[in-house]
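For reference, the chains in residue letters:
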Amino acid sequence: MLYALICEDKPGTLEKRLEARPDHLARLESLRDQGRLVLAGPHPAIDSDNPGEAGFSGSLVVAEFDSLEAAQTWADADPYVDAGVYEKVTIKPFKKVLP
């Protein structure tokens, strides 16, 4: 089943996010290579593709996991969690309708 991981950044964590980004992306690339990743990306803190120093307010990941518990376990091991970037991670079952 698909799950949406809705992640909210702690304020002032842009530098931590940038430092942990390579490891974070490697995990997402692994999901992609397994054919389980639907989409992933950050939420810019301002209305811009490149928010600069404004940074990001969080991230969204939609991917396939065997269960809600498996999605939670995967999310708990994210480098952004370890680095103290994420303040909150909400995981919900997701049903893709379009496209």
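The structure this text deals with has already been given above.
First things first, this report covers the structure right here in the doc. What you are looking at is a predicted structure, and each value in this text was computed from that prediction instead of being measured. (Residues numbered from 1 in each chain as written. Predicted model: local features only at pLDDT ≥ 70, side-chain atom pairs only at ≥ 80, totals over all residues. Heavy atoms only, no water.)

With respect to the pattern of salt bridges
Step number 1: Following the criterion strictly, the structure yields 3 salt bridges and no others.
Step number 2: Notably, a salt bridge pairs Asp78 with Arg27, separated by 3.5 Å at the nearest N-O pair. Pair noted here: Asp78 is in the loop between helix 2 (68–76) and helix 3 (79–82) and Arg27 is in helix 1 (residues 14–33), with a separation of 51 residues, a long-range link.
Step number 3: Note on Asp78: relative accessible area 3%, which makes it buried. (Salt bridge = Lys/Arg side-chain N within 4 Å of Asp/Glu carboxyl O. Helix = DSSP H or I, 4+ residues; strand = E, 2+ residues; numbered from the N terminus. Buried < 20%, exposed > 50% of the residue type's maximum accessible area, 1.4 Å probe, protein only.)

Re the sheet that holds strand 4 (residues 86–94)
Step number 1: Ordered in space as 2-3-1-4, the 4 strands form an open sheet in which the pairing is antiparallel. On the outer flanks of this sheet lie strand 2 (37–44) and strand 4, each paired with one strand and no other. Strand-to-strand twist in this sheet, taken as the mean axis angle between neighbours without regard to direction, amounts to 10°.
Step number 2: Bridge analysis of strand 2 against strand 3 (residues 56–64) gives 7 bridges, and the strand direction is antiparallel. When the sheet's bridge partners are listed, His43 is paired in strand 3 with Gly58.
Step number 3: Across the sheet, helix 1 is in contact with strand 1 (2–9), strand 2, strand 3 and strand 4; its angle to strand 3 comes to roughly 10°. (Pairing = 2+ DSSP bridges. Axes fitted to C-alpha atoms, helices over the stretch in contact; angles between N-to-C directions. Contact = heavy atoms within 4.5 Å.)

Side note on the packing of aromatic side chains
Step number 1: All chains considered together, the criterion is met by 2 aromatic pairs.
Step number 2: Between the aromatic rings of Phe65 and Trp74, the centroid separation amounts to 5.7 Å while the plane-to-plane angle is 50°, which identifies the pairing as tilted.
Step number 3: Among the residues examined, Trp74 registers a relative accessible area of 14% and is labelled buried.
Step number 4: The interplanar angle of 90° and the centroid separation of 5.4 Å between the aromatic rings of Tyr80 and Tyr86 together place this pair among those described as edge-to-face.
Step number 5: The class of Tyr80 is buried, set by a relative accessible area of 2%.
Step number 6: Here the guanidinium or amino end of Arg27 rests over the ring plane of Trp74, the centre of that ring lying 4.0 Å away. (Phe/Tyr/Trp six-rings, centres within 6.5 Å; stacked < 30°, edge-to-face > 60°. Lys NZ or Arg CZ within 6 Å of the ring centre and 35° of its normal.)

Note that all results are geometric; they support no functional claim without further evidence.
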